[in-house]
Every structure is written in structure tokens, then in C-alpha cells.
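Report on the structure
These are the residues of each chain, in order.
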Amino acid sequence: PAPAGQKELRPVIYITGDTHCPTGMDKLNETNFPQQKHMTKKDYVIICGDFGDIWSAKSNEQKDMLQWLSQRNFTTLFLDGNWENYGKLNSLTITVWNGGSAHRLTDSVIHLMRGQIYTLNRRSFFVMGGACSKYKELRKKDGTWWPEEMPSTREYRAAWRNLEKACRKVDYILTHTAPYSLVTQLRDVEGEYPLNLFLQEIEEKIRYKHWYFGHFHRDMELDEKHTGVYHRLLPLR
């Protein structure tokens, strides 16, 4: 707590969409995101999937980008999407961070894992990454796409266990794709049907304040509780 007479400064949290590193990282530079000049490592930028910064161990560009992110005046958090190197991502050591399991790429770049609930600034965040890539027939399995891009039965079960422990109530939900009822307004559900239905069940059974998702490469307010993010960096509601 802050000393008597002083206002307690809470961490600042911004939400944004896919970065597909390095192509979408410009939005995090000081020109496009000047608010970071007043941020610290106790503040957060959350990327709602398709981070893409550990695609290849041989990519010096991506190594440089990871170092660049580590030097920002904030901590970067990301959930996974369908544009990740899951072979490399899943080889990282799992640690416990703010109440949930996580992969720590650096001290200030952290992967929020599927089905976990984290506490940031006394608020709870349920995270469920994953989605299905289109045009997989034109890409190489375990090279430019991975079967692990869609959640496993084990991950779905773990998610429900964590939500039950939280009495089916969280403050925020962060996902890459969206519930079935929303996705059908935006595009077809090719290959994503099980995940969209799972998220629909979450929508119907979990109490929450707001839901943020990426994936659709559009900034949009679908209604008062669902926000799609892409280019924008939005302060947490």
C-alpha cells in the first residue's frame, strides 16, 4: 500500500492484437505507442495471440526483436495463436507466474499458457490461446504450422478445472479466436469448430467483465463486453 496521503499507483495494462513478429511490431515503438515513455516493467502490454517471435532459432531478426522488446518500458505478455512455433514454444521450461503456469522467454517477455488464470493488479484473467490456420495444405507441418495450434483435450479439461476453482467467475477473458456465436458473424469456423464451441460454453457459463480477442485482423467493438483487437493498443477497461 502507498504511504498515508499518497495515491497508490496501480500497474497500467494495454491490450493489443496479433504481431506476427516482426511484421506487426511497429505498433509497439515509441512513435506509435508514446504512452510507454511513462510506463515501467510493472506495467503490461498483452498480445492476444500470433506473437510469432520465437519462430526460428536461426533467425537473428527475431532474436534482435526479442531483445528489443525486453528493452521496452513495459513487460510483454502474450497468449498463443495459430502462428507460433509450438515445437520451440513447448520446449521452454514452465514456471509459475502470478498464479498460473507460464513460459518466460526473458525477464519481461512471458507466454501466458492455455487454460490458466493469472492475477494482475488484483484482477483475474482467464487465458485460452489457440486457433486453426487456414491454407495448411500450402504450408509445412511442423515447419510453418503445428498440430498443437489447436488445444488438446487435456488443455480443455485443465481450463475447466481452473474455472471451477475460481467459482466460474473471472474479471477478464483473453483469447485468440472467439466464441462460436461471434465467429459466425465474422467468418466461417473451418477447422476451429471444437475451440469455438468450447469458448461458447465459457461465454454462457462464466461470469466476467470483458472479453478481448485477436485473430481476425480487425479492431472492433462487437458489443459492450466483446472487443476484437489488432492495430490498436487499448487500455484495460
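Here goes a summary of the coordinates provided. None of these values were measured; they are calculated from a predicted model.

1. Concerning the side chain of Thr 75
Looking at where Thr 75 falls in the secondary structure, it is placed in strand 3 (residues 75-79). Engagement of the side chain of Thr 75 in a polar contact is seen with the backbone oxygen of Lys 41, the distance being 2.7 Å. In contact with Thr 75, other than residues within four places in its own chain, are Thr 40, Lys 41, Asp 43, Tyr 44, Val 45, Ser 108 and Ile 110.

2. A look at the sheet that holds strand 1 (residues 13-16)
Here seven strands make up an open sheet; going across it, the order is 4-5-6-3-2-1-13 and the pairing mixed. Where the open sheet ends on each side, the last strands, each with one partner, are strand 4 (94-97) and strand 13 (234-235). Pairing analysis gives four bridges linking strand 1 to strand 2 (residues 44-48), with the strands arranged parallel. Note that in strand 2 the partner of Ile 15 across the bridge is Ile 46.

3. Notes on the packing of aromatic side chains
On inspection of all chains with the given rule, the structure shows 12 aromatic pairs. Centroid distance Trp 160 to Phe 198: 6.2 Å. Interplanar angle 75 degrees. Geometry classified as edge-to-face. In this pair, Trp 160 sits in helix 3 (residues 153-165) while Phe 198 sits in helix 5 (residues 193-205), placing the two residues 38 residues apart along the sequence. Residue Phe 198 is classed as buried on the basis of its relative accessible area of 6%. Aromatic ring contacts, followed pair by pair, group Tyr 14, Phe 33 and Phe 74 into a single cluster. The side chain of Lys 225 reaches across the aromatic face of Tyr 208, ending 4.0 Å from its centre.

Definitions and limits used
Think of each chain on its own: its residues are numbered from 1, step by step along the sequence as written. Only residues with pLDDT of at least 70 are given local features in this predicted model, and only at 80 or more are side-chain atom pairs given and counted; all residues enter the totals for whole chains, interfaces and linings. The basis for every side-chain value is the complete set of heavy atoms in the structure, and neither hydrogens nor water enter the calculation. What counts as a helix is a DSSP run of H or I of at least four residues, what counts as a strand is a run of E of at least two, and both are numbered from the N terminus. Any N or O atom pair separated by 3.5 Å or less is treated as a polar contact, with the protein-specific requirement of one donor-capable and one acceptor-capable atom, and with residues adjacent in sequence counted only for side-chain atom pairs. By definition in these notes, contact holds between two residues if any of their heavy atoms fall within 4.5 Å. Two strands are counted as paired when DSSP detects at least two bridges linking them. Side-chain rings of Phe, Tyr and Trp, where Trp is taken by its six-membered ring, are said to pair if the distance between their centres is within 6.5 Å; with planes under 30 degrees apart they count as stacked, over 60 as edge-to-face, and otherwise as tilted. Relative accessibility thresholds used throughout: buried, under 20% of the residue-type maximum; exposed, over 50%; partly exposed, between the two (1.4 Å probe, protein chains only). Put simply, a charge is over a ring when the Lys NZ or the Arg CZ is close to the ring centre, within 6 Å, and near the line of the ring normal, within 35 degrees.

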